[in-house]
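What the coordinates show
Residue strings, one per chain:
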Amino acid sequence: MKVLVQRAVNASVTVEGEVIGAIDHGQLVLVGIEKGDTEADTQRLADKLLKYRMFGDDDGKMNLNVQQAGGGVLLVSQFTLAAETKKGLRPGFSSAAVPAEGERLFNDFVSKVRAQYGKVETGRFGADMKVAFMNDGPVTFMLD
């Protein structure tokens with residue numbers, strides 16, 4: 001499981017012309033589920049995501065997590081994070097979870113994040129999504 005976390009000034013997801021999830025300030029989180037990932041992985045990364053200190057304190061140091069900063073969390077499934085890119089010029093996706101398993105684990109991850117924090121929005125699994133955001137910093141971390 002790979003989670004790409006970006007500190008955002010704002011972020012939104014649009015599907016078929018309708019905004020289905022949006023935050024003003026916080027984390028845009030792209031989630032890639034791979035074969036072999038389990039509920040234990042979703043729990044571990046949900047805990048880490050919400051505790052990860054990537055927001056500035058009064059001294060400008062990254063000492064605050066998203067909850068302490070009062071930000072929102074926008075979770076978006078993105079199977080391309082599981083791409084194999086070391087060889088050739090076209091990505092391979094054999095390490096990505098099959099769609100049904102990916103959706104099940106993504107929904108489990110969303111549930112676990114929401115159980116710990118109330119400011120959570122999502123995209124729509126498997127949809128053609130348009131994701132718009134303004135990176136703050138820029139600050140981006142890969143959690144796995």
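Just above, that's the structure.
As a starting point, this report considers the structure included with it.

The rules we used
- Residues numbered from 1 in each chain as written.
- Predicted model: local features only at pLDDT ≥ 70, side-chain atom pairs only at ≥ 80, totals over all residues.
- Heavy atoms only, no water.
- Helix = DSSP H or I, 4+ residues; strand = E, 2+ residues; numbered from the N terminus.
- Rg over C-alpha atoms; globule rule 2.2 N^0.38 Å.
- Contact = heavy atoms within 4.5 Å.
- Areas by Shrake-Rupley, 256 points an atom, 1.4 Å probe, with all protein chains shown as cover.
- Lys, Arg positive; Asp, Glu negative; His and termini not counted.
- Charge placed at Lys NZ, Arg CZ, Asp CG, Glu CD.
- Salt bridge = Lys/Arg side-chain N within 4 Å of Asp/Glu carboxyl O.
- Buried < 20%, exposed > 50% of the residue type's maximum accessible area, 1.4 Å probe, protein only.
- Pairing = 2+ DSSP bridges.
- Right-handed = clockwise from strand over helix to strand, strands pointing away.

1. With respect to the overall build of the protein
The secondary structure content of the protein amounts to three helices and eight strands. Taken over the C-alpha trace, the protein has a radius of gyration of 15 Å; the compact-globule value for 144 residues is 15 Å, and the two agree within 12%. Intrachain contacts of the protein at a sequence separation of at least 6 include 74% that bridge at least 24 residues. By element, 50% of the accessible surface of the protein is carried by carbon and sulfur atoms, the whole surface being about 7800 Å². If the 17 positive side-chain charges of the protein are averaged to one point and the 19 negative ones to another, these points end up 5 Å apart.

2. A look at the pattern of salt bridges
For the structure shown, the criterion picks out seven salt bridges. Where Lys-2 meets Glu-34, a salt bridge forms, and the shortest distance between an N and an O atom there is 3.9 Å. With Lys-2 in strand β1 (residues 2–15) and Glu-34 in the loop between β3 (26–32) and α1 (39–51), the pair connects residues that are 32 residues apart, well separated along the chain. Look at Lys-2 and you get partly exposed, because its relative accessible area is 22%. The partner of Asp-108 in a salt bridge is Lys-112, and the shortest N-O contact between them spans 2.7 Å. Here the residue Asp-108 and the residue Lys-112 both occupy positions in helix α3 (residues 99–116), the gap between them amounting to four residues, near one helical turn. Like Lys-112, Asp-108 is buried. Shared partners join several salt bridges into a network, and the residues in it are Glu-39, Glu-101 and Arg-104.

3. Some remarks on the pairing of strand β6 (residues 72–77)
By the criterion of burial, β6 is predominantly enclosed, with six of the six residues buried. Both faces of β6 are covered, namely the face carrying Gly-72, Leu-74 and Val-76 and the face carrying Val-73, Leu-75 and Ser-77. Two strands pair when backbone bridges link them, and β3 and β6 are joined in this way by six bridges, in the parallel orientation. Looking at the pairing, Gly-26 lines up with Gly-72 of β6. Of the strand pairs in this sheet, β6 and strand β7 (residues 120–122) are connected by three bridges, and their pairing is parallel. Bridging from a neighbouring strand, Leu-74 pairs with Glu-121 of β7. Handedness of the crossover joining β6 and β7 through α3: right-handed.

4. Here's the deal with the pairing of β3
The two faces of a sheet get side chains in turn, since along a regular strand they alternate between them. Most of β3 is tucked away: seven of the seven residues are buried. Relative to β3, β1 is paired through seven bridges, and the arrangement is antiparallel. Paired with Lys-2 across the two strands is Gly-32, which belongs to β3.

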